[in-house]
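# Residue-level structural notes
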Amino acid sequence: MSTLAPPQPSPAQNKRAVLTRLNNTDRRANRALKLLALAGGALVFLVLIAVVYQVISGASLAFDKYGFGFIVHKTWIAPANEYGGLTFIYGTLVTGVGSLILSTILGVSIGLFLSLMAPRRVAIVIGPLVEMLAAIPSVVLGLIGIYLLLPFIHSDIEPALHSVLGFTQIFGPAQGAGNSPFAAILVLTIMVVPIIAALTRDLFLTVPRELRDGAEALGCTRWEMIRGVVIPTTQSGITAACVLGFGRAIGEAIAVALVIGGVPAMHLSVFMSSYTIGSVMANVAPSAISSLETSSLFYLGAILLVMGITTNLAAQRISSRAGRIR
Amino acid sequence: MSLSDSSLVGAGSVAAGTEAAPGSEGAAGAAAAGGQAAAEQTAGVRPRVRLSERIAAGQPATAPSVNRTAAVERQVVFQSRNVSVDYGEKRAIDSVTMDINRNYATALIGPSGCGKTTFLRCLNRMNDSIPGFSLGGELLYHGHDLYDARANRVEVRRRIGMVFQKPNPFPKSIYDNIAWAARNLGMRDGMDERVERALRGAALWDEVKDRLKSSAMGLSGGQQQRLCIARSIAIEPDVLLLDEPASALDPIATALIEDLIHELKARYTIVIVTHNMQQAMRVADKTAFFSLDESRIGTLIEYDDTDKLFSRPADSRTRDYITGQFG
Amino acid sequence: MSAIPDPTYALTASGNLRRRQAISRGFVAATIAAATLAVAVLIMLVYYAAKQGVSQLSVHFLTATLPPGSPGASGGIGPALAGTAEMVLMATIIALPVGVLTALYLAEFASPRVGKVVQTGLEQMAGLPTIIIGMFIYGLVTLHFGQSAIAGALALSIVEVPLIGRASLEAIRRVPGSLREAADALGVARWRTVVGVILPTASNGIVTATILAVARAAGETAPVLLNSNPSTLGYQFNPLQAVPNVPVEILTLLNLGYPSAVAKAWGAAFVLIVAILAINIGARVWLRRSERKRGL
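Model, not experiment: these values are computed from the prediction.

So, about the overall build of chain B. Helices and strands together make up the secondary structure of chain B, namely 12 helices and 10 strands. Per-residue burial over chain B gives 48% buried out of 327 residues. A separation threshold of at least 6 residues defines the contact pool for chain B, and within that pool the share at least 24 residues apart is 74%.

In structure tokens:
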């Protein structure tokens, strides 16, 4: 009589058993999950294409009429059914560049503060507070801009800047109630600073400790270390962050619409009411009268879309190139 | 330009110190000869070019040899009196009392985690940025309290330079790596000569003289480390602290660095942390053995001339460590 | 050649060090000033909104409808709150699965090349100006079917998807590889690993991302302005029709101009900003605490 245990399955048999344990339901579910995930990714892509298509087709009427000349045509008079995009492009660029300059200086400084200067306990509190600035809805920011910022800008800042820098023509005499690209620049700065601050803070934290130690061991001050080691190392990242901030600024519609004055005119002085692409779309689209007007707004939207996609792609390329150098 | 060009030290320096320098090379060489041969056998390293051969080849001359047994009373650069280091509540090292002499290479050896790097970093206040750091006891540099409230940390680091374990060149050109700190310090004239002098002093000039503007990141590990040494000596410090400078390098690069230390000794005071006892024997005039005491706190066990420490250690713990390594 | 200071002299600044340290200190002070300015601006904005709007707060304000036409004092934003809640809910029902599935795709299934394309798409979607999103839905839906809550919800979902997607991707990627390997070693099917191990581990991050996305969508004006801007007062729940919502209401009240309307606009703005900030702070604190507990 055999007292041997029943023959154990061999390892190969075990493996086969494991594989077949992946029964039909599992295999079907695996496939379903993969399809669903793929659908999600595809949907994102499709929506993007749909947005581009929709904007372009909405602009087709205006494009048929004006062609590319729309971009350099200055006049926009709705009652006369004459439309041109130059004033808005100019306004968008002025407010975009203006807020870019201010928010780069402030944002990078705050990023340096949070990463390299502040003790950890302070940075943990201040960091999220700065990020909160980005969470304020644009309509609320615009509202506060109208009632809090505009009077202050109009009565104090504009005259002061005009008296000191008026010779440059950029800071002309204060006029109206203060609705101006300058006010829009300030509001946009409030929105963009937290973006640049958060991005650069993370960036500066990636500079290896040993590089900073090496600089300090050579008898250099903190500023010299930052200027000579930290910033050159993170140059591309800072540029990418600024480009992203610029993209955010040019895309903002509501807050700008509330403080910029809504006058389709180009002025050298940033204190004269004017317009941007986003703000004219927000102001005029709800009450657009003719289909040509609506189409012209779509045309402006197409221009803004091109600007937005270009800046976004540029930011991605800059940061990926930086990643490759390391 | 000779290595012993004494534009380094201003008025009032100790001439005796400068003259005794090459004597230390001879003494260390003699004492370490036995260990060195053994080390070279184990490391499979090609025989080092002795300093005498270098001089014959027309490289920088040094002062004439001085018999070490008739040694002059050396100037003391660092005085550590019962120094202890705490990180918050935790004590890292305790009761370290030793003197570090001018133009000597002083090695700090011991097992990992026994506080030798911590102590080294105290010498140029590099531990200040570590949260919770506090130093007890007294640490004097040329008689001045390093941790006095009025002591300027940046000034300390200007006089006491440091080379780290892992080479950390800046992502700049070779030239700029060396010139950067010097420019900050206001040394703008004759920068080309300064860079060349520093590179020669680090035995790197010949290898890179044709590509000074190329990026430092393209150099090999050993070259990068010598670049780090070059940029430290470019600002003409008084002391050079070396934190396991060759541990990340291959044996050939290591041998080059050790040669370098012998030459640098003539001009700078060297303190080197190494976990390699043979290296200490090859390079150091005096050696300090650190280890963990009963409460797992790092402390200085024994400190003496290298040859005496390794051949006739006074403390049994030193003997255990040394023989353990050889075994 | 500059003079090298005698190393035996006292350890005070030598040569140009005093000037360099003054410059460095000035720079440090400037960064502190910048950070202080940012925080001060934040406090000032919240304080001002509170000052203008807190007087409006009452249960009545939060539930009543706006009075028709006349500049009466009573009235509230009840319908707007309800409308925002309805639209954001619908938007999130769409955006949450799409965002999480896209994140799963990028983390688990995508080949590097295709994944890069989709990730670029996600980044582009995140950077789309919200007014363009509004115009997109306007042309696609509203022009043909008229304004509706659904149109508004679709527009808001486009805002939410990249937020949820990016944060979920990070959360999923942070799930330790060891967990995945353990599941594979046990012969567990892929989908079970995802549903039973990965998603639950990443759930904290996903939930936080969704909450933050909701907070963001609730405050967005431009996507909704053209697509759900009712002209009638009173509560509206029919998703096929335009429903009122808080940000557009603020604009409308502001444009009406007379004091009681503007006062109500401030009340609404205050409610909005407090709710959004509270959600933001709360979500971050909660996320940090729960991650510390998990040891992630």
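Here we take up the overall build of chain C. What chain C contains, in helices and strands, is 11 helices and 0 strands. In chain C, the order of α-helices and β-strands from amino to carboxyl end is α-α-α-α-α-α-α-α-α-α-α. Relative to a compact globule of 296 residues, whose C-alpha radius of gyration would be 19 Å, chain C shows 26 Å and is clearly more extended. With respect to the three principal axes, the spread of C-alpha positions in chain C is 85 × 65 × 35 Å. Taken over 296 residues, chain C has a buried fraction of 47%. Contacts in chain C between residues far apart in sequence, at least 24 positions, make up 76% of those at least 6 positions apart.

Before going further, it helps to examine helix H7 (residues 209-216) of chain A. Taken together, the buried positions of H7 of chain A are occupied by Arg 212, Gly 214, Ala 215 and Glu 216 of chain A. On its buried face, H7 of chain A sits against helix H8 (222-233) of chain A together with helix H4 (153-159) of chain B.

So, on to the nonpolar core. Counting 268 residues, the largest nonpolar core has Val 187 and Met 281 of chain A together with Ala 269 of chain C as its most contacted members. Among the elements that line this core, the one with the most residues is helix H6 (residues 181-205) of chain A, at 18 residues.

Relative to the assigned elements, Ala 202 of chain C resides in helix H8 (residues 190-218). Between the C-alpha atoms of Ala 202 of chain C and Asn 280 of chain C, which are 78 residues apart in sequence, the distance is 19 Å.

The next thing to look at is the environment of Gln 223 of chain B. All names here are of chain B. On the secondary structure map, Gln 223 appears in helix H8 (residues 221-234). For Gln 223 and Arg 200, which are 23 residues apart along the polypeptide, the C-alpha to C-alpha distance reads 12 Å. When near neighbours in sequence (up to four residues on either side) are disregarded, Gln 223 contacts Leu 204 and Glu 207.

Okay, the interface of chain A and chain C next. In this complex, chain A contributes 67 residues to the contact, which on the side of chain C involves 70 residues. Per-element tally for the side of chain A that touches chain C: the top contributor is helix H2 (residues 24-66) of chain A, with 20 residues. Its residues assigned to classes, the side of chain A that touches chain C comprises 47 nonpolar, 15 polar and 5 charged.

At the interface, 19 residues of chain B touch 15 residues of chain A. Looking at the side of chain B that touches chain A, its residues break down into 10 nonpolar, 5 polar and 4 charged.

Moving on, we get to the packing of helix H5 (residues 138-165) of chain A against H6 of chain A. All names here are of chain A. In contact at an axis separation of 10 Å, H5 and H6 are set at 130° when each is read in the N-to-C sense. Classified by the angle their axes make, H5 and H6 are oblique. Seen from above, H5 lies across H6 with right-handed handedness. Where H5 approaches H6, its residues Leu 141, Gly 142, Gly 145, Leu 149, Leu 150 and Ile 153 are matched on the opposing element by Phe 182, Ala 183, Leu 186, Val 187, Ile 190 and Met 191. For the contact of H5 with H6, a count of residues per class yields 10 nonpolar, 2 polar and no charged.

In this section: the pairing of strand E7 (residues 239-243) of chain B. Residues and elements named next belong to chain B. With 5 of 5 residues buried, E7 lies mostly within the body of the structure. Residues Val 239, Leu 241 and Asp 243 line one face of E7 and the alternating positions Leu 240 and Leu 242 line the opposite face, and both faces are buried. Direction of pairing for strand E6 (residues 160-163) relative to E7: parallel, over a ladder of 4 bridges. Paired with Val 163 across the two strands is Leu 242, which belongs to E7. In this structure, E7 lies alongside strand E8 (residues 269-273), joined through 5 bridges in parallel fashion.

Residues and elements named next belong to chain B. If you trace the 10 strands from one edge of the open sheet to the other, you get E5-E4-E1-E2-E10-E9-E3-E8-E7-E6, paired in mixed fashion. Because the sheet does not close on itself, it has two edges, and the strands there are strand E5 (144-145) and E6. Where strand E4 (residues 133-141) meets E5, 2 bridges bridge the pair, whose relative direction is antiparallel. Opposite Leu 140, over in E5, you have Asp 145 as the bridge partner. Running over the sheet, helix H3 (residues 116-123) touches strand E1 (76-87), strand E2 (90-101), strand E3 (105-109), E4, E6, E7, E8, strand E9 (286-292) and strand E10 (298-305) and is turned about 150° from E8.

Now for unusual backbone geometry. All names here are of chain B. Phi is positive for Arg 125, close to 60°, though the residue is something other than glycine. Residue placement: Arg 125 occurs in the loop between H3 and E4. According to the C-beta neighbour criterion, Arg 125 is buried, with 24 such atoms within 10 Å. For His 142, which is not a glycine, the phi torsion comes out positive at approximately 50°. Note that His 142 resides in the loop between E4 and E5. On the basis of neighbour counts, which here come to 20 C-beta atoms within 10 Å, the residue His 142 falls in the buried class.

Here we take up helix H5 (residues 130-145) of chain C. Residues and elements named next belong to chain C. With 16 residues, H5 extends 21 Å from end C-alpha to end C-alpha; this agrees with the ideal 22 Å at 1.5 Å per step. Tyr 138 marks the point of greatest bend in H5, at about 45°. Every buried residue belonging to H5 is among Thr 130, Ile 131, Ile 132, Ile 133, Gly 134, Met 135, Phe 136, Ile 137, Tyr 138, Gly 139 and Thr 142, and all of these are buried. Note on H5: the residue one or two positions beyond its end, Gly 146, has a positive phi of about 85°.

Another aspect to go through is the environment of Ile 105 of chain A. Here Ile 105 of chain A is to be found in helix H3 (residues 86-117). Taking the C-alpha atoms as reference points, Ile 105 of chain A and Val 193 of chain A, separated by 88 residues in sequence, lie 8.9 Å from one another.

Attention now moves to the pairing of E2 of chain B. With 8 bridges connecting them, E1 of chain B and E2 of chain B associate as antiparallel partners. When the sheet's bridge partners are listed, Val 83 of chain B is paired in E2 of chain B with Val 96 of chain B.

What follows is about the confidence of the model for chain C. Chain-level statistics for chain C give a pLDDT mean of 88 and a share of 95% at 70 or above. Reported for the predicted complex are a pTM of 0.84 and an ipTM of 0.89.

With that settled, consider the confidence of the model for chain B. Residue-level pLDDT values for chain B average 79, and 77% of them are 70 or greater. Confidence drops under pLDDT 50 across residues 59-72 of chain B; counting only partners more than four residues distant or on other chains, this segment forms 29 contacts.

Cut-offs and rules
Residues numbered from 1 in each chain as written. Chains lettered and ligands numbered in written order. Predicted model: local features only at pLDDT ≥ 70, side-chain atom pairs only at ≥ 80, totals over all residues. Helix = DSSP H or I, 4+ residues; strand = E, 2+ residues; numbered from the N terminus. Buried ≥ 20, exposed ≤ 12 C-beta atoms within 10 Å, placed from the backbone. Contact = placed C-beta atoms within 7 Å. Rg over C-alpha atoms; globule rule 2.2 N^0.38 Å. Core = buried A, V, L, I, M, F, W, Y, C linked by C-beta atoms within 7 Å. Nonpolar A, V, L, I, M, F, W, Y, C, P; charged D, E, K, R; others polar. Axes fitted to C-alpha atoms, helices over the stretch in contact; angles between N-to-C directions. Parallel < 35°, antiparallel > 145°, perpendicular 65-115°, else oblique. Left-handed = near helix turned anticlockwise from the far one by under 90°. Pairing = 2+ DSSP bridges. Expected span 1.5 Å × (residues − 1). Bend = angle between axes of the 7 residues up to and from the residue. pLDDT = per-residue confidence, 0-100.

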